[in-house]
Amino acid sequence: MKNLDIPRDHTIDGSINLLAEGYTYAFDRRQKLQTDIFQTRLLGQPAICIGGKEAAELFYDRELFQRGGAIPKRIQKSLFGEKGVQTLDGQAHAHRKQMFMSLMTPDRLQMIQDIVRQQWQSAALRWQSTVQLELVDEAQQVMCRAACQWAGVPLREQDVQTIANDLASMVDAFGAIGDRYKEGRDARQRTEQWVTELVELIRAQRVQTDEHTAAHVISWHRGLDGELLDAKVAAVELINIIRPIVAIAYYVVFSAHALHTYPETHQKLIESFENGDDTYSQWFVQEVRRLYPFTPILGASVRKDFTWKGYHFPEGTTVLLDVYGTTHDPKLWDEPQQFRPERFADWDGSPFDLIPQGGGDHRQDHRCAGEWLTIDVMRVSLEFLAGHIEYEVPEQDLSIDLSRMPALPASRFIMSHARPKSSSSRF
């Protein structure tokens, strides 16, 4: 069978357009070209962009794709860190991934829910003396406190804001250039130095850790060669636990945005809480993850030549999976721009259409090991926002600029006169 020519974006180099257009870069071109695959050039090199459910299934074929070398160094130096699990393939990846998965037991997931619930309670008490606040900043501090407590990372009260800001800066840098990128890179250097010292103290038994915590498990993890991880690599992986939990603050803000924008869902949540039924809140959380922008694209490189749907993929070519476009694809989601939690009543749980944190298998593929944790923390936070506190939303710019990666409401979601409800069950 003759190979087909892959539809082409004729821009000389799409790098500037990707940074300028953000989340919609790949999806807009797929729609314009009427295809789920097109080729372009990024940073002077050929690249193939794919999107949709079948494309996601292809992307997670471990025989055809590898991650090693696919993550740009600039992202490793800000968001992921160097030599972390995201850069591994094959047995090395499976072995390191199992380390992360061992932390996601039912007991540990219940523990993070309890910790987050307690941290939100404490925040609500602090807020009573505050007329106005930005939810982004508050949520990042709540998540930072919770992440460190759960992971067994000692955190002094006077350091909470600094550490939370540094972890948030790493996330904020992934789609940035200039000062915002530099802040994220510098924040990673500071954080890696702090956590590397912690790993060394744990190994010297000068800091005691519970054997079930991430700090203990990662500090004492041995690679396939039987040796302990390099202390800096162990620090990278421990940051790969606490940083993504801090990033859940984005989803907390999006949940508040949805509650405000779609007030009918707020009442449905209250009714479900009163009935002791978590079904609607689970649907709500999944719809926030589907609709709101989180991960724009994911990258891999072709392991060996192959053909898909008549299109040739040469070995070594960079392939980008359109994550945002897949979660907004009208072929997969009815009225994809509408916020409708009820759509998940009939969802089949496919690992290849709802992919805001990656697709495929949690244990074997590069799907986020903490996805279940994210959903649990979002649900507890949603219950807090909808059922435990009262607040006002003053006039502000709640628009979300999809050209900014990562995206947030322009106003960072301002709340005023936040206070605990006089009666709130379940918290």
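Residues numbered from 1 in each chain as written. Predicted model: local features only at pLDDT ≥ 70, side-chain atom pairs only at ≥ 80, totals over all residues. Heavy atoms only, no water.

1. Digging into helix H9 (residues 179-203)
Three- or four-residue spacings in an α-helix give side chains the same orientation, since the helix completes a turn every 3.6 residues. Along its 25 residues, H9 runs 36 Å from first to last C-alpha, staying within 8% of the 36 Å computed at 1.5 Å per residue. Those residues of H9 that fall on the buried side of the exposure criterion are Tyr181, Gly184, Ala187, Arg188, Thr191, Glu192, Val195, Thr196, Leu198, Val199 and Ile202. Lining the buried residues of H9 we find helix H4 (73-80), helix H8 (160-172), helix H10 (214-219) and helix H11 (231-261). At the exit of H9 stands Gln205, carrying a positive phi of roughly 60°. (Helix = DSSP H or I, 4+ residues; strand = E, 2+ residues; numbered from the N terminus. Expected span 1.5 Å × (residues − 1). Buried < 20%, exposed > 50% of the residue type's maximum accessible area, 1.4 Å probe, protein only. Contact = heavy atoms within 4.5 Å.)

2. A short note on the side chain of Ser78
Checked against the element boundaries, Ser78 lands in helix H4. Its relative accessible area of 0% is what places Ser78 among the buried residues. Discounting residues that sit within four places of it in the chain, Ser78 has contacts with Met170, Ala173, Tyr181, Gly184, Arg185 and Arg188.

3. Points about helix H2 (residues 25-33)
What H2 keeps buried is the set Tyr25, Ala26, Phe27, Arg29 and Arg30. Contact partners of the buried residues in H2: helix H1 (15-21), strand S1 (37-42), strand S2 (45-50), strand S8 (318-322) and helix H14 (323-326). Positioned one or two residues after H2, Gln34 has a phi angle of 55°, which is positive.

4. Quick look at the packing of H11 against helix H15 (residues 371-388)
Their axes nearest at 9 Å, the elements H11 and H15 cross at an angle of 45°. It follows that H11 is oblique to H15 by the angle criterion. Here H11 and H15 pass one another in a crossing that is right-handed. Contact with H11, carried on its side by Ile245, Ile248, Tyr251, Val252, Ser255, Ala256 and Leu259, involves Leu373, Thr374, Val377, Met378, Ser381, Leu382, Leu385 and Ala386 of H15 and no other residues of that element. (Axes fitted to C-alpha atoms, helices over the stretch in contact; angles between N-to-C directions. Parallel < 35°, antiparallel > 145°, perpendicular 65-115°, else oblique. Left-handed = near helix turned anticlockwise from the far one by under 90°.)

5. Looking at the packing of H8 against H9
Packed helices, taken two at a time, are described by the angle between their axes plus the distance between the axes. It is at 8 Å that the axes of H8 and H9 come closest, and there the two elements cross at 130°. As judged from the angle between their axes, H8 and H9 are oblique. Our pair here, H8 against H9, has a crossing hand that is left-handed. Each of Ile163, Asp166, Leu167, Ser169, Met170 and Asp172 in H8 lies in contact with H9, whose residues at this interface are Arg180, Glu183, Gly184, Ala187, Arg188, Arg190, Thr191 and Trp194. Taken together, the residues of the contact of H8 with H9 sort by class into five nonpolar, three polar and six charged. (Nonpolar A, V, L, I, M, F, W, Y, C, P; charged D, E, K, R; others polar.)

6. A closer look at the packing of aromatic side chains
Scanning all chains against the criterion turns up 18 aromatic pairs. Pairing Phe344 with Trp347 gives two aromatic rings, centres 5.4 Å apart and planes at 80°, and the pair type is edge-to-face. A residue is classified by how much of its surface remains accessible, and Phe344, at 7% relative accessible area, is buried. Put simply, the rings of Phe59, Tyr60, Phe65, Phe306, Trp308 and Phe313 touch in pairs and so form one group of aromatic residues. Directly above the aromatic system of Tyr181 lies the positively charged group of Arg74, at a separation of 4.2 Å from the ring centroid. One residue, Arg290, lies across the ring of Trp333, its end atom 5.7 Å from the ring centre. (Phe/Tyr/Trp six-rings, centres within 6.5 Å; stacked < 30°, edge-to-face > 60°. Lys NZ or Arg CZ within 6 Å of the ring centre and 35° of its normal.)

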